[in-house]
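Coordinate analysis (summary)
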Amino acid sequence: MDSVRTAVRGIPTQLSIPILRSVLKAPAPLARIMMNELTEPLNRHLPYIRKVYNGSWNGAWIGEGMKALDKYEDIKARVRSADVVIFNVHGGPFRVGTSTMFMNAYVAWIKILKEKYNLNAIIMSVKYRLAPEHKYPAATEDVLTAYKYLRRSLKIPHDKIVVTGDSAGAALLLEAMLQTHAPELLPALAASTINAEIETLTSSVDNKDLPAAMVLVSPVVCAETTTPSWKENAKYDMIRPKLFKKVFKEFFGTKDPSSNDVRLIAMTKMQKGFDQFIPKNTMMVVGSKEVMRDDITEMSLRVIKNTNIKGHLVSEDYAHDWYVIRDTVKDKTAIQRTDAIFAEFVASAIKEAQTPNPFDDRLAVDENAPKTVNNDLPVKFTRNGVTMRFSRTSMQEILGNLDQADTSKEGIAKTLDSMAQMTSNLSNSNATQSPPHNPASTPPVITV
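The shown structure was predicted, so the numbers you read here are calculated from the model rather than taken from an experiment.

Parameters and conventions
- Residues numbered from 1 in each chain as written.
- Predicted model: local features only at pLDDT ≥ 70, side-chain atom pairs only at ≥ 80, totals over all residues.
- Heavy atoms only, no water.
- Helix = DSSP H or I, 4+ residues; strand = E, 2+ residues; numbered from the N terminus.
- Expected span 1.5 Å × (residues − 1).
- Phe/Tyr/Trp six-rings, centres within 6.5 Å; stacked < 30°, edge-to-face > 60°.
- Buried < 20%, exposed > 50% of the residue type's maximum accessible area, 1.4 Å probe, protein only.
- Lys NZ or Arg CZ within 6 Å of the ring centre and 35° of its normal.
- Pairing = 2+ DSSP bridges.
- Right-handed = clockwise from strand over helix to strand, strands pointing away.
- Axes fitted to C-alpha atoms, helices over the stretch in contact; angles between N-to-C directions.
- Parallel < 35°, antiparallel > 145°, perpendicular 65-115°, else oblique.
- Left-handed = near helix turned anticlockwise from the far one by under 90°.
- Contact = heavy atoms within 4.5 Å.
- Nonpolar A, V, L, I, M, F, W, Y, C, P; charged D, E, K, R; others polar.
- Polar contact = N/O pair within 3.5 Å; in protein donor to acceptor, adjacent residues only side chain to side chain.

1. Topic: helix H6 (residues 138-153)
Because an α-helix completes one turn every 3.6 residues, residues spaced three or four positions apart along the sequence face the same direction. When the terminal C-alpha atoms of H6 are compared, their 21 Å separation across 16 residues agrees well with the 22 Å that a helix rising 1.5 Å per residue should span. Directly after H6, the chain includes lysine 155, whose backbone phi takes a positive value near 55 degrees.

Here you go:
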């Protein structure tokens, strides 16, 4: 079967999207059988995997030599000795998928962190209950239970944890972080005046316990299919409006879930409060050919605009979830350079989290207080391998221009592309660009 799976995964890129599209729109039981076969770990992956069944959580520990560890105490010691614990929630439109479905990506992360930064990483990849048999909030509850086990039972320090999620898994991760770190926001999310309510709230949970970093890959952060990218990119993507609506009906039990009932939907409407449950270092990966391109870009900018979160938005010319579904990427240098960005981001975030910092703007309550160094944290936007690094002041200027721009036709992502490029061109006299690197190195950076 390994040879069959390898052959299937080697199908030309233009065919892999139609195949995935067909799999995802099949009835859930059949879709799972087909997806599980397509994403079954290969023999070379097996030494990394230690499955967990019917314990305090379900899923898999993924790391070098994990399969050889049989005793609970040995597994616990291995996890506790890791430099980085990546808490991962897989995607699969809430209805398909397993904790080991993207092993090529997971193993690449482990290897590059070790090779480039000498960091030993373990991945805790969560298995959750799937729709339509298990409706919302069952999946969120499973993710939350697993995270509590990591923090409370294993007592892994927050500054060693990086939380990651792709597609539907990213949405589940966001809600789990909200429930863990900002439970006071939950009543406000059910109110009709969400942002007015959030204005008056601060979390009683110590936000210093937030994970060191968060990485969201093609997160589901929308409840509608109205932005320009839904129409423009339907021909390229595995996700289409009809499937999206079908998934919502299966998962939420209705085609039109209300923000009054579903926190996942309410979060798509938030303007403030993100920094109470999203780590200061957050990276989002989006495909310029995915239908949710504009929704993901808009939320990324909304988070950056209204918080002191240090954001990094990474975009390549591929479809939904391209960074983990690596067979959909024809140019493998895009994967290599994004792996380099990922590794640098994680290593930097872990170092920052473990370095005592007397200044933490998330704890500030006086808007007139003197600004600390964190108020001008850089914002990064990587587009097809070139990273533009903006000061917060520069980014706020761009966001102000975006507020005035008409994004109804091209979409906010294309408008951002244009404005960012224009800004970098105008700033060339003050900008510095690094010389070209090989694909496995961190991409060139333009400072604006």
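2. Observations concerning the packing of aromatic side chains
Overall, the coordinates contain 17 aromatic pairs when judged by the stated rule. Taken together, a centroid distance of 5.8 Å and an interplanar angle of 70 degrees make the contact between tyrosine 136 and phenylalanine 251 edge-to-face. In this pair, tyrosine 136 sits in the loop between strand S4 (121-126) and H6 while phenylalanine 251 sits in helix H11 (residues 241-252), placing the two residues 115 residues apart along the sequence. Here tyrosine 136 matches phenylalanine 251 in class, with each residue buried. Each member of the aromatic cluster is reached from another via a ring pair, and the members are Phe94, Tyr136, Trp230, Phe244, Phe248, Phe251 and Phe252. Lying across the ring of tyrosine 236, lysine 289 places its NZ or CZ 4.8 Å from the centre.

3. So, the pairing of strand S10 (residues 386-390)
Where strand S9 (residues 379-383) and S10 come together, 5 bridges link them in antiparallel fashion. Across the sheet, the residue bridging to arginine 383 is valine 386, located in S10. Hairpin connection between S9 and S10: a loop of 2 residues separates the two successive antiparallel strands, and asparagine 384 in this loop has a positive phi of roughly 50 degrees.

4. Some points on the pairing of strand S8 (residues 310-316)
For S8, a buried count of 7 out of 7 residues is recorded, marking the element as mostly surrounded by other parts of the structure. Neither face of S8 is exposed, since Lys310, His312, Val314 and Glu316 on one face and Gly311, Leu313 and Ser315 on the opposite face are all buried. Each parallel crossover has a hand, and the one from strand S7 (residues 281-287) via helix H13 (residues 293-306) to S8 is right-handed. Of the pairings in the sheet, the one linking S8 to S9 comprises 4 bridges and is parallel in character. Among the inter-strand pairings, histidine 312 is bridged to a residue of S9, identified as lysine 380.

5. So, the packing of H6 against helix H7 (residues 168-181)
In the contact formed by H6 and H7, the axes pass within 9 Å of each other and the chain directions differ by 60 degrees. Classified by the angle their axes make, H6 and H7 are oblique. Every pair of crossing elements has a handedness; the one defined by H6 and H7 is right-handed. Of the residues in H7, those touching H6 at Ala139, Thr140, Val143, Leu144 and Tyr147 are Leu172, Glu175, Ala176, Met177, Gln179, Thr180 and His181. Tallied by class, residues from the contact of H6 with H7 come to 7 nonpolar, 4 polar and 1 charged.

6. Focus: unusual backbone geometry
Omega for the bond connecting alanine 131 with proline 132 falls within 30 degrees of zero, at 5 degrees, which places this linkage in the cis form. Of note, proline 132 is situated in the loop between S4 and H6. Here the residue pair tyrosine 136 and proline 137 is connected by a cis peptide bond, since its omega of 5 degrees sits within 30 degrees of zero. At asparagine 118, a position not held by glycine, the phi torsion is positive, near 55 degrees. Take asparagine 118: it is sitting in the loop between helix H5 (103-117) and S4. For serine 218, which is not a glycine, the phi torsion comes out positive at approximately 45 degrees. With respect to the element layout, serine 218 can be found in the loop between strand S6 (213-217) and helix H10 (228-232).

7. Quick look at the side chain of asparagine 88
Residue placement: asparagine 88 occurs in strand S3 (residues 84-89). Only 2.8 Å separates the side chain of asparagine 88 from the side chain of threonine 164, close enough to count as a polar contact. Filtering out sequence-adjacent residues up to four positions away, asparagine 88 remains in contact with Tyr106, Trp109, Ile123, Met124, Ser125, Val126, Thr164 and Gly165.

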